[in-house]
Amino acid sequence: MDETSKERLDRELNELMQGLRVAIPGVQFMFAFLLTVPFAQGFARVSEFQKDVFLVALISTLLSSIFFIAPAVQHRLLFRGHAKDVLLHRSNRYGIAGAIALSVALTSAVLLVVDYLFGRTWALSVAIPLAALITLVWLLQPLITRVRRNGDLLP
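Small disclaimer: the values here were computed from a predicted structure and weren't measured.

Participant: Would you explain the packing of helix α1 (residues 5-36) against helix α3 (residues 84-118) in this entry?
Facilitator: Helices that pack against each other are described as a pair by the angle of their axes relative to one another and the distance between those axes. In contact at an axis separation of 10 Å, α1 and α3 are set at 25 degrees when each is read in the N-to-C sense. One way to sum up the angle between α1 and α3 is to call them roughly parallel. In the crossing of α1 with α3, the sense of the turn from one axis to the other is left-handed. Residues Leu9, Asp10, Glu12, Leu13, Leu16, Leu20, Val27 and Met30 of α1 form the contact with α3, whose participating residues are Lys84, Asp85, Leu87, Leu88, Ser91, Asn92, Gly95, Leu102, Ala105, Leu106 and Ala109. Grouping the amino acids of the contact of α1 with α3 by side-chain chemistry returns 12 nonpolar, three polar and four charged.

Now the structure itself:
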């Protein structure tokens, strides 16, 4: 496919934004849910460890939301500013940071719930493999593929 550099930037930015549109609603739903948890009746019975894990889940979900929404906000602020190349590279890094924050949020949310319901041993038995799986499929596999094909680690 023969495309100009402008067409390539337009296409790549559109593809990135489409990917973010998939992630943002889920992250926002999770964040909204976490905001309600402290007001639930059972929350008064959580341990200090569980409160700490909750805080990690809440903050990492917020960070994920910030990173995933940043490209759309910056796109609006940079509209017709001839900075698509900068926006594309920056937004790609935000997407990676958002995925990392989301992986922490998901893992810590599961850790919290399983610890609350079944205890620490079960919680760690579930959360550690979950964190490993997320790390493998979201981060390691793409990075390994990238290094094998391009010889570089990050775009």
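Participant: What am I meant to see in α3 here?
Facilitator: For the α-helix, the turn length of 3.6 residues means that residues three or four positions removed from each other point alike. In a regular helix each residue adds 1.5 Å, so 35 residues correspond to 51 Å; α3 covers 49 Å between its end C-alpha atoms and thus fits that length. The first or second residue beyond α3 is Gly119, which carries a positive phi of 105 degrees.

Participant: Any chance you could explain the side chain of Ser91 here in plain terms?
Facilitator: Residue placement: Ser91 occurs in helix α3. Residue Ser91 is classed as buried on the basis of its relative accessible area of 0%. Among the polar contacts listed, one links the side chain of Ser91 to the backbone oxygen of Leu87, at a separation of 2.7 Å. When near neighbours in sequence (up to four residues on either side) are disregarded, Ser91 contacts Leu16 and Pro71.

Participant: What is the right way to look at the packing of aromatic side chains in this model?
Facilitator: The relative placement of two aromatic rings is captured by the distance of their centres and the angle of their planes. Across all of its chains, the model carries two aromatic pairs by this definition. Aromatic pair Phe43 and Phe54: ring centres 5.3 Å apart, planes at 65 degrees, arrangement edge-to-face. Residue Phe43 is located in the loop between α1 and α2 (48-77), and its partner Phe54 is located in helix α2; the two are separated by 11 residues in the primary sequence. Owing to a relative accessible area of 15%, Phe43 belongs among the buried residues under this scheme. On the basis of relative accessibility, which here comes to 7%, the residue Phe54 falls in the buried class.

What counts and what doesn't
- Residues numbered from 1 in each chain as written.
- Predicted model: local features only at pLDDT ≥ 70, side-chain atom pairs only at ≥ 80, totals over all residues.
- Heavy atoms only, no water.
- Axes fitted to C-alpha atoms, helices over the stretch in contact; angles between N-to-C directions.
- Helix = DSSP H or I, 4+ residues; strand = E, 2+ residues; numbered from the N terminus.
- Parallel < 35°, antiparallel > 145°, perpendicular 65-115°, else oblique.
- Left-handed = near helix turned anticlockwise from the far one by under 90°.
- Contact = heavy atoms within 4.5 Å.
- Nonpolar A, V, L, I, M, F, W, Y, C, P; charged D, E, K, R; others polar.
- Expected span 1.5 Å × (residues − 1).
- Buried < 20%, exposed > 50% of the residue type's maximum accessible area, 1.4 Å probe, protein only.
- Polar contact = N/O pair within 3.5 Å; in protein donor to acceptor, adjacent residues only side chain to side chain.
- Phe/Tyr/Trp six-rings, centres within 6.5 Å; stacked < 30°, edge-to-face > 60°.

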